[in-house]
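Observations on chain architecture
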Amino acid sequence: VKFIYVHRLQWYLCVDPPSRPDYICESSSSLSSSSSSSSSPSSSSSSIQNNLDINGWELRKAMTLCKKSNANLFEWMMSPIVYFDCFSFGDRLRNIIFSFYSRRGLVHHWRSLAQNNIRAYINVHDVLYKQYLYVIRPVLCILWAMKADKNQPTRTRSDFPSLHMETLLSSVTDNLSDSVRDIISNLIEKKKIGAYLEGRHSLDLEKWFAKVLDEATAYCDLKQQSISVKQTIADDKHNLELIHP
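Notes on the structure follow. Keep in mind that this is a model prediction, so the values were computed, not measured.

Each α-helix winds once per 3.6 residues, and so residues spaced three or four apart point in a common direction. Its 23 residues give helix 8 (residues 129-151) an end-to-end C-alpha distance of 33 Å, which sits within 8% of 33 Å, the value for a rise of 1.5 Å per residue. The largest bend along helix 8 measures about 25 degrees and falls at Val-135, with the proline Pro-138 one to four residues further on.

Turning our eyes to something else, we now look at the environment of Asp-178. Mapping Asp-178 onto the fold places it in helix 10 (residues 178-192). Residue Asp-178 is classed as exposed on the basis of its relative accessible area, which comes to 51%. A polar side-chain atom of Asp-178 sits 2.8 Å from a polar atom in the side chain of Arg-181.

This part is about the packing of aromatic side chains. Overall, the coordinates contain seven aromatic pairs when judged by the stated rule. Ring centres of Phe-74 and Tyr-101 lie 5.9 Å apart, and the angle between their planes is 75 degrees; on these two criteria the pair is classed as edge-to-face. A residue pair is termed long-range when its members are at least 10 positions apart, and Phe-74 in helix 5 (residues 71-77) and Tyr-101 in the loop between helix 6 (89-100) and helix 7 (103-122) qualify at 27 residues. We note that Phe-74, like Tyr-101, is buried. Taking the centre distance of 5.7 Å and the plane angle of 45 degrees together, the rings of Trp-208 and Phe-209 count as tilted. For the residue pair Trp-208 and Phe-209, the accessibility class agrees, reading buried in each case. Linked through ring pairs, Tyr-132, Trp-208 and Phe-209 together constitute an aromatic cluster.

Procedures and definitions
Residues numbered from 1 in each chain as written. Predicted model: local features only at pLDDT ≥ 70, side-chain atom pairs only at ≥ 80, totals over all residues. Heavy atoms only, no water. Helix = DSSP H or I, 4+ residues; strand = E, 2+ residues; numbered from the N terminus. Expected span 1.5 Å × (residues − 1). Bend = angle between axes of the 7 residues up to and from the residue. Buried < 20%, exposed > 50% of the residue type's maximum accessible area, 1.4 Å probe, protein only. Polar contact = N/O pair within 3.5 Å; in protein donor to acceptor, adjacent residues only side chain to side chain. Phe/Tyr/Trp six-rings, centres within 6.5 Å; stacked < 30°, edge-to-face > 60°.

So this is what it looks like as structure tokens:
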């Protein structure tokens, strides 16, 4: 369960508001331990409770992450399941996200996520096959973003990679070799049946990881140069207006 929350109005009106965490994170284990100290739950409620993973961000933190084009927040807002939307806030936030987000920021996030997961799960003697998916998803998202940047300069409401792995794969299939596409499809099928086997590394897949991450680095560098040039032009224009109002 993911959510965005607010404190009481008085907290926001204080000149020096009391310190409070800007996030809430509860796992099924902490919820179970807290409930066990109270009345014993029924078996059905206990089963539901043991599958809960609750994470929330305070409004200001969520808006700061929105400004930074945080991919985690965007994926929260793309979920097809909405339990409660107060004052249509979700729709309003989605409108802001898809009007102002930075594709470079998203690519930078997914590149870092993929690199961290490679270090944590892939750079080992034997690899658990499902852990390849921890790298495959952000790498596919990178391909999607770079393809969208080329084909769709104007961002739209639907301009975000699908949360469904097979749909995401099909959206970038023309950027994949047959062997890599077949490997990914096979891993997705194994995940569906819970076949989380450990085995040897897939050299084709890992070479593909390296290739896409190198392309992502070049993409981010190029976009940063473009931003710097635009900022220089804007600064020069401002200075000229000061000299010649």
